[in-house]
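This is what each chain is made of:
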Amino acid sequence: MNRRFIPPSRKEGASQKLLNAALTLIRERGYASTSVDALCARAGVTKGAFFHHFKSKDDLAIAAVHYWSELTGAFFETAPYHGHTDPLDRILGYLDFRKSILTGEIAEFTCLAGTMLQEMYHTNPVIREVCAASIRGHAATLEPDIAQAMEQYRIQVPWTAESLSLHMQAVLQGAFILAKASGGAAIAAESLDHLHRYIQLLFQPRGQ
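Residues numbered from 1 in each chain as written. Predicted model: local features only at pLDDT ≥ 70, side-chain atom pairs only at ≥ 80, totals over all residues. Heavy atoms only, no water.

1. Remarks on the overall build of the chain
Part 1 of the argument: Per the secondary structure count, the chain includes 12 helices and zero strands.
Part 2 of the argument: Reading the chain from its N end, one meets helices and strands in the order α-α-α-α-α-α-α-α-α-α-α-α.
Part 3 of the argument: For 208 residues, the compact-globule formula gives about 17 Å, and the C-alpha radius of gyration of the chain, at 19 Å, lands near that figure.
Part 4 of the argument: When its C-alpha atoms are laid out on the principal axes, the chain stretches across 65 × 30 × 30 Å.
Part 5 of the argument: Residues counted as buried form 46% of the 208 residues belonging to the chain.
Part 6 of the argument: Pairs at least 24 residues apart make up 66% of the contacts formed inside the chain by residues separated by at least 6 positions.
Part 7 of the argument: If you sum the accessible surface of the chain, you get close to 10700 Å²; carbon and sulfur atoms cover 54% of it.
Part 8 of the argument: Treating the 20 positive side-chain charges of the chain as one cloud and the 20 negative ones as another, the clouds have centres 5 Å apart. (Helix = DSSP H or I, 4+ residues; strand = E, 2+ residues; numbered from the N terminus. Rg over C-alpha atoms; globule rule 2.2 N^0.38 Å. Buried < 20%, exposed > 50% of the residue type's maximum accessible area, 1.4 Å probe, protein only. Contact = heavy atoms within 4.5 Å. Areas by Shrake-Rupley, 256 points an atom, 1.4 Å probe, with all protein chains shown as cover. Lys, Arg positive; Asp, Glu negative; His and termini not counted. Charge placed at Lys NZ, Arg CZ, Asp CG, Glu CD.)

Below, the structure is given as structure tokens:
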């Protein structure tokens, strides 16, 4: 999703170029393997410009996660699945949309926050929390539709809209890992198909 989530660079300042470089390189190489020199080279800025805008690589990483949340939030807010009148159709449409954007190189469709969280969860608690907040924040956007579907379909269960929204993100993040392990998106698409069927079963009337 590099091109999908990164705006044109013609009028960008140095800080914007560095943020876009971080989104690209960290998903390609991982955080530890992304050096300040590489970020500057990709952004086309000097090291002096880097340290003028960011105190450290960690500082840029934190800003990049916030930037990622803003870009992806706007992207999903205008996605077509919101047009469905039935809340269950919106939930399933979200999964169909996620499957439809599993295109390009692996680094283009995987999640910046998930990539960094997997690598930094133990060594950098600040980055861990920022990444976790990004993933939880996206999950929270699904909760109203899930809650409405539970009410409309009269689902009486011990789980909550929040827990299901987080489970959906867990499957997505796991699907990204499997895509990296296999070198392609096919296995991630299959995981989303399984999740699609699972949610259909959750909202199916008992006995069917």
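2. A word on helix 12 (residues 186-202)
Part 1 of the argument: Under the 1.5 Å per step criterion, the end-to-end length of helix 12 is 25 Å for 17 residues, consistent within 8% with the ideal 24 Å.
Part 2 of the argument: Buried residues of helix 12: Ala188, Ala189, Ser191, Leu192, Leu195, His196, Ile199 and Leu202, and no others. All buried residues of helix 12 lie within an arc of 155° about the axis, which places them on one face of the element. Exposed residues on helix 12 whose side chains face more than 90 degrees from its buried face are Ala186, His194 and Leu201.
Part 3 of the argument: If you follow the buried residues of helix 12, they end up packed against helix 6 (87-100) and helix 11 (161-182). (Expected span 1.5 Å × (residues − 1). Arc of directions from axis to C-beta.)

3. Regarding the nonpolar core
Part 1 of the argument: Met116, Ile146, Met168, Ile199 and Phe203 are the most contacted members of the largest nonpolar core, which totals 65 residues.
Part 2 of the argument: Apart from the residues lying within four places of it in its own chain, the contact partners of Ile199 are Leu88, Ile91, Leu92, Leu95 and Met168. (Core = buried A, V, L, I, M, F, W, Y, C linked by side-chain atoms within 4.5 Å.)

4. A word on the packing of aromatic side chains
Part 1 of the argument: This model, assessed by the stated rule, comprises 11 aromatic pairs.
Part 2 of the argument: Centre to centre, the rings of Tyr81 and Phe97 are 5.9 Å apart; their planes meet at 50°, and the pair counts as tilted. Placement of Tyr81 in the loop between helix 5 (57-77) and helix 6 and of Phe97 in helix 6 is noted, with a sequence separation of 16 residues between them. Pair check on accessibility: Tyr81 and Phe97 agree, each one buried.
Part 3 of the argument: A ring pair is formed by Phe109 and Phe176, whose centres lie 6.3 Å apart and whose planes are at 45°; its orientation type is tilted. Taken as a pair, Phe109 in helix 7 (residues 106-109) and Phe176 in helix 11 lie far apart in primary sequence, 67 residues in all. For the pair Phe109 and Phe176, one class covers both residues: buried. (Phe/Tyr/Trp six-rings, centres within 6.5 Å; stacked < 30°, edge-to-face > 60°.)

5. A short note on the pattern of salt bridges
Pairing of side chains with opposite charge becomes possible as their charged atoms draw close.
Part 1 of the argument: Tallying each qualifying case throughout the model produces five salt bridges.
Part 2 of the argument: Between Asp145 and Arg90 there is a salt bridge; the shortest N-O distance is 2.8 Å. Residue Asp145 is located in helix 10 (residues 143-152), and its partner Arg90 is located in helix 6; the two are separated by 55 residues in the primary sequence. Across the pair, exposure class does not vary: Asp145 and Arg90 are buried alike.
Part 3 of the argument: A salt bridge links Glu129 to Arg128, with the shortest nitrogen-to-oxygen separation between them at 3.4 Å.
Part 4 of the argument: Given the relative accessible area of 29%, Arg128 is considered partly exposed. (Salt bridge = Lys/Arg side-chain N within 4 Å of Asp/Glu carboxyl O.)

6. Re the environment of Gly104
Part 1 of the argument: Mapped onto the fold, Gly104 is located in the loop between helix 6 and helix 7.
Part 2 of the argument: With 80 residues separating them in the primary sequence, Gly104 and Gly184 have C-alpha atoms 9.3 Å apart.

7. Some words on the side chain of Thr110
Part 1 of the argument: Its place among the elements puts Thr110 in the loop between helix 7 and helix 8 (112-120).
Part 2 of the argument: Classification of Thr110 as buried rests on a relative accessible area of 1%.
Part 3 of the argument: Of the polar contacts made by the side chain of Thr110, one reaches the backbone oxygen of Ile106; its length is 3.0 Å.
Part 4 of the argument: Dropping the residues within four chain positions of it, Thr110 is found in contact with Arg27, Trp68, Phe176 and Lys180. (Polar contact = N/O pair within 3.5 Å; in protein donor to acceptor, adjacent residues only side chain to side chain.)

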